[in-house]
Each structure stands twice: as C-alpha cells, then as structure tokens.
Amino acid sequence: MRRRLLVLTVMGLVVGGIVVAPLSVASAMPARAAAGAAPGPAGGQVGSVAAGGTPQVVAALRRDLGLVGGRLSARRAREVAAPAVERVLRRELGGRFGGLWMAPDGVVTVGVTDGIAEGRVVGAGARPQRVRRSLAQLDAVKAVLDRRAGAAPAGVTGWYVDLRTNSVVVQVLPGKRAAGLRFAGGAGPAVRVAVSGQRPRPSYDVRGGDGYTVGGATCSVGFAVYGGFLTAGHCQVLNPGQVYGGNGVALGTWGGSSFPANDYAWVQTTDSWTLRPEATGLGEVRGSQEAVVGSAVCRSGATTGVRCGTITTKDQTIVYDGGFTVYGLTATSACAAPGDSGGPFMADDQAQGLTSGISGTCATGGISYFQPVNPVLAAYKLNLVRPAAHGAVSADFDGDGRTDPTTWRPSDGNWYINNGTTVLWGVASDVPVPADYDGDGLTDIAAWRPSEGKWYVRQGTTVQLGAAGDVPVPADYDGDKKTDFAVWRPSNGTWYVNKGRTLQWGIAGDIPVPADYDGDGVADTAVWRPSEGNWYIKKNLTVQWGLPGDIPVPADYNRDGVTDIAVWRPSDHTLYVYQGITAAWGQRGDIPVPADYNKAGVVDFAVWRPSDGNWYIRNGTTFTWGQPGDIPLAG
C-alpha cells in the first residue's frame, strides 16, 4: 500500500497523508485544494456538526459548566476535532508528545518537550505547552505504581497521570499524606501526593426511575449492544442475582462481568425488550470516538438524571472502599450518586464509558469515574446499537436488522431479494438506488433513470433530479435520518442534492464516495481520485490511500460508528483499510459487497462472483444468489 508522508501546511498538520485542520472556528471552512487538481471549495456546505446536543444536555452544560450560546458551539466544535489531532500528534511527535487536553479556556493544548514539537503543534492549530516529561515517561511511572497496587496502604485511594501538571498523582485521604509518600517511594520526581476529601465508592445501592434491579440494588443501563446492554461489573459481582427492569419484568441474564481490576459487564436481554440506540436525556448513540482530556461529557443515571462535567484524567487507578482496585478508569467533574452505576457517559453523540464510582455528592461537588467503553466492546466482541439510518446495515428490505443479499436483473427489471421476495421495478437502462428515503428504517426499492433524470421509488415517490451522465449519490446529507436524492456531475464536479442544495467538490475522473467519515450522523461529501490515490473529504481531510485500479469500499469495519477509508485491490484480491486492517478475499472479476449480513452491527467484507452467482462472506458464509449479468445490491 502506498502512503505518502507529507509536511506541515498553513491549513493544518499533514501526517501520513492525513490533513488535520487547525482547531478553531475557521476549521469549518473548505480545505485548500492540492496543487493542480483538487476539489474546488465553491458552493455551500452540505451538512453540519451538532455542537450542543439535546435540550437536556444543553441545559446541563449551562448549569454544570456555564457554557451557553456561541461559547458552547465553539468549544464543542473544537472538542469534536481534538481526537483526530491527538492521534496524529501522538504518532508524529513520539517521545516529544506530552499529552493533549482541553484547557479551561476551551483551547486545545498539547504538552511538548522541545521547540521543534512546539512548531508542529502550532501548525495543527493547537496551543503548545512546554513540559519536562513525555506522556510515555509518565505512563511508565504509573505502571510502576500499578504493579504495587496489592501493597497500597489503606489511606491511598488511587493514582493517575495528570496531563496538566505533567505529573503522576497519588490520591490519599486526609491525614494519610505520609502513607502516600511511602507508597510512591522510589517512583521518581514525577510523582506528587494529593489529598482527596472522600474515598471513591461504587454507586450501586439506590433505586432509580430509569434503572434496573439486581439482588435488591439499583443500577443503570449503559449502552445497547446487539444482544443486550453494557453496564458496570460491580453491579453483578456485588449484587448477584436475576436482572429485572424498572417495571419489575425480567430483563435478562448476565452475559459476562469483570470486577475488580475492570468494572464492566453485559446483560443478554430477553426477546420482550427492544434495544434502542439512545441514552435517556443524552440523545442517540452514533459511535464511540474517545474524547480528549478536558472535553465536556454528560452522563445519565437512574438517580440523578443528566449531569455534565469535563474529563479531568484518564487511565486512573482507583482503590474503592472495600479494597477493590480498578485500573484504567477516566475521572470527570460530573457528579453522580448511588444507583447511577453502569449508566452512560457521552460526548455529543459518541459513547465514552460506563459509570463506575463516585467521590463526593452532587450537593457538595462530586467526582465520578467511568469505565471506557471501547475496551468493553473489544473484550466481549460486541457492537453498539446505532440508529438504523446511519448504521452498518444496508439493503435491509424487511427490517430484521441484517442485510438482505439482493440482485437486480436489467434483462427483466426484477429485484431478487434473498428473503423470498421478487419485485419488478425498473427498466434495463435504469440505475438501482436502494436506500431508506422515508426514514422508516427499511430500505426502499428505487431506480434512477438517466434518460429522464427521474428517481422512481416503489413506495410512490417520483423526484426529478439529475441528467444523463450524472452519478447518483443518495445519502443522508442533513442528518434527518432520511436518504436524500442526490447526483454528482463529473463534467463540473458539482453535487446536486434534493431541496435545492448544490456544492462543487471533485473533478472529472473522480469517484464519489459520500459517507459519514467523522461519526456525526451526516454523510460527508467526498471523492476518491484514482490517478493519485487521494481521498478528498469535504471536512478538511485529505488521505492518500489506494492505487489506480483499486475499488473504493468505505464502510465501518471496526464498529466505532465511523466510516473507514478502504479499497479492494482486484490485482491481489486484498482489502486495505486505512486503520490497519488487511484481508485477502475474493479473486479478480469479483464485485465487493461489504455489509452487515449477520445482524452483528459491524460490516462484513464480502464479494459477489458473477461467474457462478456465489456470495462469499468473510465470516465464513457462502451461498448462491444471482446469475451473470445481475447487479448485486447488498453493499
């Protein structure tokens, strides 16, 4: 795979082919075109990033963090962009990287150990802060303390890396400073001891309105996953028993739990419960991109409802009352109370973690800790349930949550769906464009007729949009959960979206690849340029990935709610995903059809072979559906 290492530009940091826009209000402006041939910045912006959230979240951010109006929008916009900058700078700066966090004034700040690194941080639009120790050095010191966890004195309540002070903090109860110093002895000058008012404790023993009960205690549902939901591990370990919903109806059985060391579990729900991709008061869950230190987060729980704060530290080791040690927790300034355990933490629409424990109260100013969600998903090989209109499922004609392998036969105009359905719709010159045009969660049978520029949807809708030579690019460009009728015109590089929106992006020879590349629930205007292998995404992102002759196959291959840049190479029949996934599958002449074929919430790579009509799915499934001349419609 060819990847070009670029340089710093005035528009943003370019590392390994990724252009990261400066973190400022101006980051919403179009990216500067590459010299010679690049998408033009003309026209309006299609789609936007919601910076506030639900009315409850906005109210909670105002109450708990004092964020209102323009300050709220500006800060949330920077927080949304910060994780990508953190990934790039961490990789580029290596041993000079001292961590990234949101400062109290809302500016993205990066710790650096020398002047060269300072220049690169400024180029990324962030603020550098000179520090003595790199993040790797601080992590190494914390690892030393983690190995001593079994010998931690009674007065030591935890330890963590504090990015802002460039130190490792050992947290102790009042009067136990000497015990903390003894515990930290020999770990080096990076360690400091801080007094905490109360010992953190699991919050599991009060009933609440939106919770569930287990062993006589109340806990809170975290995030819906395919097959059940995530929650805190201590809810099962400290209160074993049958799980009941707040209405007293049996909810399900434990699928697994881990506490102490970790604090996570999941419940396999019964068929009488419907899994929803949302959190009470926080809105829909669209992915799980990890927010940076200093970002605003909000949590929801059975006892205290919606509360907001900021991420203060990550990878914190906590010693709970009772001697339970838990590693890898994230600390926040959002308060919580018993009964909130297991409840969700979110940053905008991105899942962050599961409420683990608390210190203090909402009345006096509490601290809460959450178990990050991504390690939980990985441990149990589970996938978040996400809104149907933006999830991994495509070509779901019957609403069962899985892709229905389908072929359209131009010779007879029939749609052959692998659920026993055959539908006559279209003529030989049509282009099949199945999508959810009415937002009901079902894929609609539809065809676009180039000769007329008309879209024919079987449910009765007919739309005039496009002309001969255009490329249909239906997608949800405004986040309303309905697919928008749209075409891209190679002759002028213009996108024409229903409702009168137009946008210039791309040149003749490009291949349009609209998708949700940042997890905000809105399709991003994007093209892939085979001549140079560049992906131009209309949010200040340019990535070089692929070679002439490759087939672009963007999809969410790693269940994080974000579309991954990817190509399939017929010459070596290999899938190359930018995030590091490589898989040999198929043969020359196959047609790639990635989709969610088994209702797992993650895309399976697959190919359809015209020569024998077989579908070869990488999860091990093979079946025959279709014949030479058909057009596969699953992906």
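**With respect to the nonpolar core**
By size, the foremost hydrophobic cluster in this structure holds 43 residues, and its most contacted members are Leu100, Val110, Trp159 and Val170. Formed by 25 residues, the second largest nonpolar core is a distinct cluster that contains Leu61, Val306, Cys308 and Val376.

**Let's talk about helix H4 (residues 135-147)**
With 13 residues, H4 should cover 18 Å at 1.5 Å per step; its first-to-last C-alpha distance of 18 Å lies within 8% of that length. The set of residues buried in H4 consists of Leu135, Leu138, Val141, Lys142 and Leu145. In a view along the axis of H4, the buried residues occupy a sector of 125°, so they form one face of it. Opposite the buried face of H4, by more than 90 degrees, sit the exposed residues Ala136 and Arg147.

**Examining the sheet that holds strand E46 (residues 614-617)**
Through backbone hydrogen bonds, the strands of a sheet pair up, either in parallel or in antiparallel fashion. Read from one edge of the open sheet, 4 strands run E44-E45-E46-E47, paired in antiparallel fashion. Every other strand in the sheet has two partners, leaving strand E44 (591-592) and strand E47 (622-624) as the edge strands with one partner each.

**Some words on the pattern of salt bridges**
As enumerated under the stated definition, the model contains 25 salt bridges in all. For Arg63, the salt bridge goes to Asp64, with nearest N and O atoms at 2.7 Å. Arg63 sits in the partly exposed class, given a relative accessible area of 47%. Residue classification places Asp64 among the partly exposed positions, given a relative accessible area of 29%. Salt bridges sharing common partners tie together Arg75, Arg76, Glu79 and Asp348.

**Topic: the state of the cysteines**
Taken as a whole and assessed by the stated rule, the structure comprises 3 disulfides. Disulfide partner of Cys219: Cys235, at an S-S distance of 2.0 Å. Because the sign of the S-S torsion sets the handedness, a value of about -100° for the bond joining Cys219 and Cys235 places this disulfide among the left-handed ones. Of this pair, Cys219 sits in strand E11 (residues 217-220) while Cys235 is found in helix H6 (residues 234-237), placing the two residues 16 residues apart along the sequence. Residue Cys219 is classed as buried on the basis of its relative accessible area, which comes to 0%. A residue is classified by how much of its surface remains accessible, and Cys235, at 0% relative accessible area, is buried. Put simply, Cys335 and Cys362 are joined by a disulfide, and their sulfur atoms are 2.0 Å apart.

**Side note on the pairing of strand E8 (residues 191-195)**
Where strand E7 (residues 167-172) lies against E8, 5 bridges are found, and the strand directions are parallel. The residue of E8 that forms the bridge with Val168 is Val191. Handedness of the crossover is the feature at issue here: the chain leaves E7, passes through helix H5 (residues 177-184), returns alongside E8, and the resulting connection is right-handed.

**Quick look at the side chain of Ser134**
Inspection of the secondary structure assignment puts Ser134 in the loop between strand E5 (127-130) and H4. What makes Ser134 buried here is its relative accessible area of 3%. Ignoring any residue separated from it by four or fewer positions in sequence, one finds Ser134 in contact with Gly95, Phe97, Gly98 and Thr113.

**Points about the side chain of Asp596**
Relative to the helices and strands, Asp596 is located in the loop between E44 and strand E45 (606-609). With no salt bridge to any partner, buried Asp596 finds its closest opposite charge in Arg402, at an N-O distance of 7.1 Å. A polar atom in the side chain of Asp596 sits 3.4 Å from the backbone nitrogen of Asn598.

**Brief notes about the sheet that holds strand E39 (residues 541-544)**
Pairing in this open sheet of 4 strands is antiparallel, and the strands run E36-E37-E38-E39 from one edge to the other. Looking at strand neighbours, the two that pair on one side only are strand E36 (511-512) and E39, the edges of this open sheet. Pairing between E36 and strand E37 (residues 526-529): 2 bridges, direction antiparallel. Paired with Pro512 across the strands is Val527, a residue of E37.

Conventions used here
- Residues numbered from 1 in each chain as written.
- Predicted model: local features only at pLDDT ≥ 70, side-chain atom pairs only at ≥ 80, totals over all residues.
- Heavy atoms only, no water.
- Core = buried A, V, L, I, M, F, W, Y, C linked by side-chain atoms within 4.5 Å.
- Buried < 20%, exposed > 50% of the residue type's maximum accessible area, 1.4 Å probe, protein only.
- Helix = DSSP H or I, 4+ residues; strand = E, 2+ residues; numbered from the N terminus.
- Expected span 1.5 Å × (residues − 1).
- Arc of directions from axis to C-beta.
- Pairing = 2+ DSSP bridges.
- Salt bridge = Lys/Arg side-chain N within 4 Å of Asp/Glu carboxyl O.
- Disulfide = S-S within 2.5 Å.
- Right-handed = clockwise from strand over helix to strand, strands pointing away.
- Contact = heavy atoms within 4.5 Å.
- Lys, Arg positive; Asp, Glu negative; His and termini not counted.
- Polar contact = N/O pair within 3.5 Å; in protein donor to acceptor, adjacent residues only side chain to side chain.

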